[in-house]
Amino acid sequence: MSNKSVEVAPVQNSADKKAFLQLPWTIYQNDANWIPPLLASHLGLIGFRKDAYYLRNGIQTFLARRGDRVVGRIAAIRNQGHLDLYNDNRGFFGFFECFDDQDAASALFDAARGWLRDQGIRNIRGPMNPSMNHEVGLLIEGFEHRPCFMMTYNPPYYQRLIEEYGFQKSQDLYAYAGFIEMLPGVLKRFSGLAEQIKERFGVRIRPMDTRHFDEEVRLFLDIYNRSISNTWGYVPMSKEELNQEVKGLKALLVPELVIAAEIDGRCIGALICLPDFNPRIKAIKGKLFPFGFLRLLCFKSRIKEIRSISANVLPEYQMMGIPLLLLNALVPVAEKWGITKAEFSWVLETNEYSRGSLEKGGTVREKTYRVFDLDDVFDLDDTESQRGDLS
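Throughout what follows, the structure given in this document is the object of discussion. These figures come from a predicted structure and were not determined experimentally.

## Some words on unusual backbone geometry
Right, so step 1: Residues Asn-129 and Pro-130 are joined by a peptide bond in cis, for which omega reads 0 degrees.
Right, so step 2: When you line up the elements, Pro-130 lands in the loop between strand E6 (128-129) and strand E7 (135-136).
Right, so step 3: Note the cis peptide between Ser-345 and Trp-346, where omega equals -5 degrees.
Right, so step 4: Looking at the element boundaries, Trp-346 is found in strand E14 (residues 341-348).

## Considerations on helix H4 (residues 102-118)
Right, so step 1: Over its 17 residues, H4 runs 24 Å from end to end, which matches the ideal 24 Å to within 8%, given 1.5 Å per residue.
Right, so step 2: Judged by how many residues are buried, H4 sits mostly within the fold: 13 of 17 residues are covered.
Right, so step 3: Sitting at the head of H4, Asp-101 places a side-chain oxygen 3.3 Å from the backbone nitrogen of Asp-103.
Right, so step 4: Phi turns positive one or two residues past the end of H4, at Gly-120, with a value near 85 degrees.

## Quick look at a nonpolar patch on the surface
Right, so step 1: A cluster of nonpolar side chains, Phe-289, Phe-293 and Leu-294, forms an exposed patch at the surface whose accessible area comes to about 320 Å².
Right, so step 2: Following the sequence through the fold, Leu-294 ends up in helix H10 (residues 292-297).

## Overview of the pairing of E14
Right, so step 1: Where burial is concerned, most of E14 is hidden: eight out of the eight residues are buried.
Right, so step 2: As judged from the seven bridges shared by strand E9 (residues 168-179) and E14, these two strands associate in the antiparallel manner. Looking at E14, one finds that Ala-175 is bridged to Ser-345.
Right, so step 3: In terms of strand pairing, strand E13 (residues 305-313) meets E14 through four bridges, oriented parallel. Directly across from Arg-307, in E14, lies its bridge partner Glu-343.

Cut-off values and rules
Residues numbered from 1 in each chain as written. Predicted model: local features only at pLDDT ≥ 70, side-chain atom pairs only at ≥ 80, totals over all residues. Heavy atoms only, no water. Helix = DSSP H or I, 4+ residues; strand = E, 2+ residues; numbered from the N terminus. Expected span 1.5 Å × (residues − 1). Buried < 20%, exposed > 50% of the residue type's maximum accessible area, 1.4 Å probe, protein only. Polar contact = N/O pair within 3.5 Å; in protein donor to acceptor, adjacent residues only side chain to side chain. Patch = residues over 30% accessible without salt bridge, like charges linked within 9 Å, V, L, I, M, F, W, Y side chains within 5 Å. Areas by Shrake-Rupley, 256 points an atom, 1.4 Å probe, with all protein chains shown as cover. Salt bridge = Lys/Arg side-chain N within 4 Å of Asp/Glu carboxyl O. Pairing = 2+ DSSP bridges.

Listed below in structure tokens is the structure:
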């Protein structure tokens, strides 16, 4: 570690923004599992480009330097929707990257907390990049596996940097993996039960209607938004965020990997799976231009691993076993496509219903992510010894 003191300053100009964006390439240069961010969307989520999320929320990014060397970065995030809904005086930190340097990490957390305090916010949660509707959590188990599409990844030592500052566990999130060899057992175990549920409640399972692609995507996102009302930490997306997500998903979705459930002609649930684009993102180094988008999006059927990003059911239908029907309907699609692996992520540790369904189906818990909280129990001017007493 350099003996030069750590200096943390807000990102202010184009050079700072470039340094903020480039830092992960230095930290992960020898990590074969790291996947670079897809820069086209990353710029908006960090607040360096117009994004619907920041129409009602705020962000301030910071860089830590030792002399001329950038050694860390962080974003402090004011999530107004969260504040309005939970009234817990809590902000977020996100986009945290840092060398194994506790002084630099602590200085970054001090800066994020200071900015939030200036906003009248005294408690902090993270990592959120930038919210629960995006990439969330710190990887704490499963480092031997590469991350799936739109899931976080980090070095193991990040947990120590965060906990030694004083953060404590708030909630864990799990990623479950299912493999092609499990499918015969899944069909044998659940097909009969699925048929009983369909008959009892009059459920119709259907594929995505590609003739009305935009309307279908909007409908499924609306179900997602309405179904999460009782989920820990969730804030429904705004109308503007939903519109932006519709546009983004149009390029990524594969209609065969989207399955809907209806009762009496009303769509009441949907399963959305995406191809795991991460190996392609790594190949194009996160850059869509000039020709990266062709390598990313062409021949999606050649991608043999998928991620289930959403299996949502409207609240009034959530105890009918509809997710089981949706997952059961995915099996023949997986067989037809030759899909070798499906990741179901993420699932809250407190979501016993979803966890139980996945575990009974034979899936394996492959990764664990953690969200941390820090309540304002000491002042930013406290000494290092006071901080150490809390860790």
